[in-house]
Amino acid sequence: MKPIIPRENIKPLFESKFIKIFDLQYEEGKHYYDATRRSAGRLMAAMSADEFRSALPDAVTCAVILLAPDEEPRLLLTREYRYPAGQFLLSPPAGLLDPEDEEAEEPVIRAAKREIREETGIEAGDTDRFFVINPLLFSSPGMTDESNALVCAVISLKDGTRLTQEGAVGSECFDGFCLLTHKEAEEILKAGKDRDGIFYSVYTWACLMYFVSGLWR
């Protein structure tokens with residue numbers, strides 16, 4: 001196995017508030033490029049094996065399963081405008097870890113509860129279940145080191161719970177919710193598109209699969 005890329009072989013090419021591009025020179029005269037949210041000191045490419053194994057993800061994606069009296073469980077997805085795709089895509093609640101999350105005892109769970117509250121209006125209760133499905137999944141490691149933790153939230157809806165997207169922040173733009181039964185989730189999985197014929201992300205696929213598998217129970 002080749003060693004990690006020495007830090008002196010990692011050169012910044014572009015930097016803005018939201019994205020950076022680094023040149024990863026893995027051999028003399030040979031270059032690979034990394035689009036990332038991370039600063040030079042936090043790049044995955046420069047981590048030791050131990051640092052890599054204990055790294056926190058950039059963001060969290062939530063498989064939110066709602067339980068209501070006398071109703072079958074439903075997977076909660078949103079319709080969120082994704083700027084690179086130019087469409088409202090079927091999406092799970094998700095968002096970046098804040099610096100305060102990274103200092104918490106359970107960073108990804110803390111971030112998940114905040115994102116669910118902001119994007120759905122749901123305040124998690126003491127009896128609701130939150131657990132990590134996967135601590136760190138790369139989005140596309142051939143182009144970026146960006147990663148998401150995948151968290152499951154099993155939430156019992158209380159009387160009067162109102163779903164709302166009024167807590168959206170920054171560039172977030174939503175157009176309603178999609179509450180799927182097991183059968184409806186299966187149909188969308190088989191189709192590879194939502195009910196309007198629009199494609200969705202791999203993280204939406206993961207949440208659909210986790211829901212229909214029954215592993216959340």
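Let me sum up the structure you'll find in this document. Since the model is a prediction, treat every value here as computed from it, not as a measurement.

## Regarding helix 3 (residues 107–120)
Here comes step 1: The end-to-end C-alpha distance of helix 3, which contains 14 residues, comes to 20 Å, matching closely the 20 Å that a straight helix rising 1.5 Å per residue would cover.
Here comes step 2: Buried residues dominate helix 3, accounting for eleven of its 14 residues.
Here comes step 3: Restricting attention to buried positions, one finds in helix 3 the residues P107, V108, I109, A111, A112, R114, E115, I116, E118, E119 and T120.

## What to know about the layout of surface pockets
Here comes step 1: Approximately 560 Å³ is the volume found for the second largest pocket.
Here comes step 2: In terms of lining residues, the second largest pocket is bounded by 22 residues, among which I4, I5, L24, M44 and A45 are the most central.
Here comes step 3: Looking at the lining of the second largest pocket residue by residue, the class counts come to 15 nonpolar, four polar and three charged.

## A word on the environment of Q25
Here comes step 1: Structurally, the position occupied by Q25 is in strand 2 (residues 20–27).
Here comes step 2: Here the alpha-carbon distance between Q25 and I10, two residues 15 residues apart in the chain, equals 6.3 Å.
Here comes step 3: Filtering out sequence-adjacent residues up to four positions away, Q25 remains in contact with I5, N9, K30 and H31.

## Notes on helix 5 (residues 202–213)
Here comes step 1: Its twelve residues give helix 5 an end-to-end C-alpha distance of 16 Å, which sits within 8% of 16 Å, the value for a rise of 1.5 Å per residue.
Here comes step 2: Once helix 5 ends, the next one or two residues include G214, with phi positive near 80°.

## Some thoughts on the packing of aromatic side chains
Here comes step 1: Per the counting criterion, the structure on display carries four aromatic pairs.
Here comes step 2: Ring geometry for Y81 versus F88: centroids 5.2 Å apart, planes at 70°, classification edge-to-face.
Here comes step 3: With a relative accessible area of 29%, F88 lands in the partly exposed category.
Here comes step 4: An aromatic cluster is present here, built from Y81, Y83 and F88 joined pairwise through their rings.

The rules behind each value
- Residues numbered from 1 in each chain as written.
- Predicted model: local features only at pLDDT ≥ 70, side-chain atom pairs only at ≥ 80, totals over all residues.
- Heavy atoms only, no water.
- Helix = DSSP H or I, 4+ residues; strand = E, 2+ residues; numbered from the N terminus.
- Expected span 1.5 Å × (residues − 1).
- Buried < 20%, exposed > 50% of the residue type's maximum accessible area, 1.4 Å probe, protein only.
- 1 Å grid on protein atoms, 1.4 Å probe; cavity = no way out; pocket = protein on both sides within 12 Å on 5 of 7 lines; lining within 4 Å.
- Points joined across faces, edges and corners; volume = space filled by probe spheres on them.
- Nonpolar A, V, L, I, M, F, W, Y, C, P; charged D, E, K, R; others polar.
- Contact = heavy atoms within 4.5 Å.
- Phe/Tyr/Trp six-rings, centres within 6.5 Å; stacked < 30°, edge-to-face > 60°.

Bear in mind that shape data such as this cannot, by itself, settle questions of function.
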